[in-house]
Amino acid sequence: MSTSAKARRTQPVKIRFMREAIRISRQMMRRNHGGPFGAVIVRHGRIIARGWNQVTSTNDPTAHAEIVAIRRACARLRRFHLNDCEIYTSCEPCPMCLAAIYWARLKKVYFANTRADAARIGFDDELIYREMALPLRRRRLPMEQMLPDEAARVFAEWLAKPDKTPY
């Protein structure tokens, strides 16, 4: 089977997964569970976890759709990496979610709305993107390093720890 024929065959499945992420975003927004964001994590062609924005319903600023879906997928698989999974999300991931996606080692991200689309409805992450690119001393949020020598000893102990679980 040619690559283009294979792509055409898998396209409807990808659309189904994205539509599920969008469906969740709409349904949970209408139920006032949080903002208009949904995500699904897919492994071997099957949805293994769903997530939706729960920031306002749980008073947890980290409860974005992608984070919730990652937590559920990891719990279901009983592991902290999702390197054989993909995520479908109703919007381009914010910096926090993108970092979590990298940490979870998801192999691909599919998204519908862009970060510019999100900004137009009041979810503007541009400040965070800009701040992360700045040196620490130029960021709006003051940051001060303290006790680096004491903390370095813990890192040295970790490095030498024979029974650690690396990640």
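Q: Looking at this model, I keep getting lost on unusual backbone geometry. Mind explaining?
A: Glycine aside, residues mostly have negative phi angles, and peptide bonds mostly take the trans form. The backbone of N59 sits at a positive phi, close to 55°, despite the residue not being glycine. The topology assignment puts N59 in the loop between α2 (55-58) and α3 (65-77). Phi at R78 is positive, roughly 60°, even though this residue is not glycine. For R78, the position within the fold is in the loop between α3 and β3 (85-91).

Q: What is the right way to look at the environment of A104 in this model?
A: Mapped onto the secondary structure, A104 falls in helix α4 (residues 95-104). Given the relative accessible area of 4%, A104 is considered buried. In this structure the C-alpha to C-alpha distance between A104 and A73, which are 31 residues apart in sequence, comes to 10.0 Å. Aside from chain neighbours lying at most four places away, what touches A104 is I70, F80, H81, L82 and N83.

Q: What am I meant to see in the packing of α3 against α4 here?
A: A pair of packed helices can be characterised by two numbers: the angle between their axes and the separation between those axes. For the pair α3 and α4, interaxial distance at closest approach is 9 Å and the crossing angle is 25°. With respect to α4, the axis of α3 lies roughly parallel. Judged by the twist between their axes, the crossing of α3 over α4 is left-handed. Facing E66, I67 and I70 of α3, the residues of α4 in contact are M96, C97, A100, I101 and A104. Considered class by class, the residues forming the contact of α3 with α4 number 7 nonpolar, no polar and 1 charged.

Q: Is there a simple way to explain the packing of aromatic side chains in this structure?
A: The description of two aromatic rings rests on the distance between their centres and on the angle between their planes. In total, this model carries 5 aromatic pairs according to the counting rule given. Centre to centre, the rings of Y88 and Y110 are 4.4 Å apart; their planes meet at 10°, and the pair counts as stacked. Separated by 22 residues along the polypeptide, Y88 in strand β3 and Y110 in strand β4 (residues 108-113) bring together distant segments of the chain. Residue class for Y110 comes out buried when judged on its relative accessible area of 15%. Taking 6.3 Å as the distance between ring centres and 55° as the angle between the ring planes, the aromatic pair formed by W103 and Y167 counts as tilted. One end of the pair, W103, is in helix α4; the other, Y167, is in the segment after α7 (148-160), and 64 residues separate them in sequence. Of the two residues examined, W103 and Y167, each falls in the exposed class. Through pairs of rings, three or more aromatic residues link up here, namely F17, Y88 and Y110. Positioned over the ring face of Y129 is R115, at 3.7 Å from the centre of the ring. Lying over the aromatic face of W158, K164 brings its terminal NZ or CZ to 5.4 Å of the ring centre.

Calculation rules
- Residues numbered from 1 in each chain as written.
- Predicted model: local features only at pLDDT ≥ 70, side-chain atom pairs only at ≥ 80, totals over all residues.
- Heavy atoms only, no water.
- Helix = DSSP H or I, 4+ residues; strand = E, 2+ residues; numbered from the N terminus.
- Buried < 20%, exposed > 50% of the residue type's maximum accessible area, 1.4 Å probe, protein only.
- Contact = heavy atoms within 4.5 Å.
- Axes fitted to C-alpha atoms, helices over the stretch in contact; angles between N-to-C directions.
- Parallel < 35°, antiparallel > 145°, perpendicular 65-115°, else oblique.
- Left-handed = near helix turned anticlockwise from the far one by under 90°.
- Nonpolar A, V, L, I, M, F, W, Y, C, P; charged D, E, K, R; others polar.
- Phe/Tyr/Trp six-rings, centres within 6.5 Å; stacked < 30°, edge-to-face > 60°.
- Lys NZ or Arg CZ within 6 Å of the ring centre and 35° of its normal.

By themselves these figures say nothing about function.
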